[in-house]
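# Examination of the molecular architecture
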Amino acid sequence: MRTACRTARKVLNIARDNVKVGVTTEDIDQVVHQAAISFGAYPSPLNYKGFPKSVCTSVNNVAAHGIPDSRPLQDGDIISVDVSVYIGGMHGDLCETYVVGSVDKQGQRLVQSCQHSLDAAIKVCSPGKRFSLIGNTIEFMAKMDGFTVCPNLAGHGVGSVFHGLPEILHTVNFKPGKMAPGMTFTIEPVICEGAPKIEILKDGWTIVTRDDKRTAQFEHTVLITDTGVEILTADTED
């Protein structure tokens, strides 16, 4: 798992360095695919339940599962890049949202709020803690900043299986279940600038906000240890 998550981080950092005005999300897809292969990994999304690309690129009002296409990134866009790779029999999964060029203050606040909510949620993780603490923390943080949390998109167990149990809710909930040493799962809140209502486009994948307001998403794969939590997809590059 550590190898898979470190590899996913390396691939995402390469993608991050290619997020620029004029670059298409198809360009980013090609970069991600080539990077994953160069590290001896396979891009987990490619052909997963029919998904046609190697990465999810979600721009502005796209909440998740955006399919890379020929639209060039424009000054003022925000884009979530969700990278997953399979190597050594395990999947590593993470996502970050980037600003393109000059983004307005509200867009910057949205991105920062999402990052802070994820950080806060990870801090409450440790053996014996209820999974519900994650969603309770994220929604509290988002509301403090004047944003909402998409309730339809959850984190998940990850390892030899791409998406498995436990299901990690990002909104206030009372779902039973406690964390235990050895568990690996993702926390990946989608924070909305407007209302948290979404719809899926005709392609069967792209999830957008109904009010066309922007969203941001950050994701880490974490490991519950004997004493706390380890962020397997942390950025350790200088």
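Everything here concerns the structure above.
Now for a description of the structure that goes with this document. Because the structure is a prediction, the values reported are computed rather than measured. (Residues numbered from 1 in each chain as written. Predicted model: local features only at pLDDT ≥ 70, side-chain atom pairs only at ≥ 80, totals over all residues. Heavy atoms only, no water.)

## Here's the deal with the overall build of the chain
Note the threshold: Helix numbering and strand numbering both begin at the N terminus, where a helix is a DSSP run of H or I of at least 4 residues and a strand a DSSP run of E of at least 2. C-alpha atoms define the radius of gyration in this analysis, and the globule rule sets the expected value at 2.2 Å times the number of residues to the power 0.38. Buried residues are those whose accessible area, probed at 1.4 Å on protein chains only, stays under 20% of the maximum for their type, while exposed residues exceed 50% and partly exposed ones sit between those limits. Residue contacts are counted whenever heavy atoms from the two residues lie within 4.5 Å of one another. Computed with the Shrake-Rupley method and a 1.4 Å probe, the accessible areas treat only the protein chains shown as cover for residues.
The secondary structure content of the chain amounts to 4 helices and 15 strands. Expected size for 238 residues packed as a compact globule is a radius of gyration near 18 Å; at 17 Å, the chain falls within 12% of this value. Along the first, second and third principal axes, the C-alpha set of the chain runs to 45 × 40 × 40 Å. The buried share among the 238 residues of the chain stands at 53%. Looking at the chain alone, contacts between residues at least 24 apart form 69% of all its contacts between residues at least 6 apart. Summed over its atoms, the accessible surface of the chain is roughly 10,500 Å², and 53% of this surface lies on carbon and sulfur atoms.

## With respect to the nonpolar core
Basically, it comes down to this: Joining through side-chain atoms within 4.5 Å is the link that ties buried Ala, Val, Leu, Ile, Met, Phe, Trp, Tyr and Cys residues into a set, and such a set is a nonpolar core.
Among the nonpolar cores identified, the biggest contains 24 residues, and Ile134, Ile138, Met179, Phe185, Ile187 and Ile191 are the most heavily contacted of them. When near neighbours in sequence (up to four residues on either side) are disregarded, Ile191 contacts Leu110, Cys114, Ser117, Ile138, Ala142, Phe147, Thr148, Val149, Arg214, Thr215 and Ala216. The next biggest cluster of nonpolar side chains, apart from the first, holds 23 residues, and it includes Ala8, Val11, Leu73 and Val83.

## So, the side chain of Thr209
Relative to the assigned elements, Thr209 resides in strand E12 (residues 207–209). With relative accessibility at 2%, the residue Thr209 sits in the buried group. In this view, Thr209 contacts Asn61, Lys197, Ile198 and Thr215; residues no more than four positions away in its chain are not counted.

## Notes on the sheet that holds strand E3 (residues 62–64)
Quick reminder of the rule: Pairing between strands is defined by DSSP: at least two bridges between the two strands are required. Fitted lines through C-alpha atoms serve as axes, helices being fitted only where they are in contact, and the angles separating the N-to-C directions of these axes extend from 0 to 180 degrees.
The sheet built from 3 strands is open, its strands ordered E3-E12-E11 with antiparallel pairing. Every other strand in the sheet has two partners, leaving E3 and strand E11 (198–200) as the edge strands with one partner each. Neighbour to neighbour, the strand axes of the sheet diverge by 40° on average, direction disregarded. Pairing between E3 and E12: 2 bridges, direction antiparallel. Bridged to Ala64 within E12 is Ile207.

## Structural notes on the pairing of strand E2 (residues 56–59)
Across the two faces of E2 the burial is the same, with Cys56 and Ser58 and Thr57 and Val59 all buried. Across 4 bridges, E2 lies against strand E4 (residues 78–87) in antiparallel orientation. Bridged to Thr57 within E4 is Val81.

## As for the sheet that holds strand E10 (residues 190–192)
Judged by pairing direction, the sheet is antiparallel, and its 3 strands sit side by side in the order E6-E10-E13 without closing on themselves. The sheet terminates laterally at strand E6 (148–149) and strand E13 (215–217), the two strands that pair on one side only. Note that E10 and E13 share 3 bridges and pair antiparallel. Bridge pairing in E13 links Cys192 to Thr215. Relative to E13, helix H3 (residues 105–123) is tilted by about 35°, and along the sheet it contacts E10 and E13.

## A word on the state of the cysteines
In plain terms, the rule: Put simply, a disulfide is two cysteine sulfurs that come within 2.5 Å.
Tallied over the full model, the rule gives 0 disulfides. Cysteine Cys5 shares no disulfide, and the gap to the nearest cysteine sulfur, in Cys95, comes to 14 Å. What makes Cys5 buried here is its relative accessible area of 0%. Free of any disulfide, Cys56 has its nearest cysteine sulfur in Cys95, 8.4 Å distant. Using a relative accessible area of 9% as the deciding quantity, one classes Cys56 as buried.

Any link to function would need more than the numbers given here.
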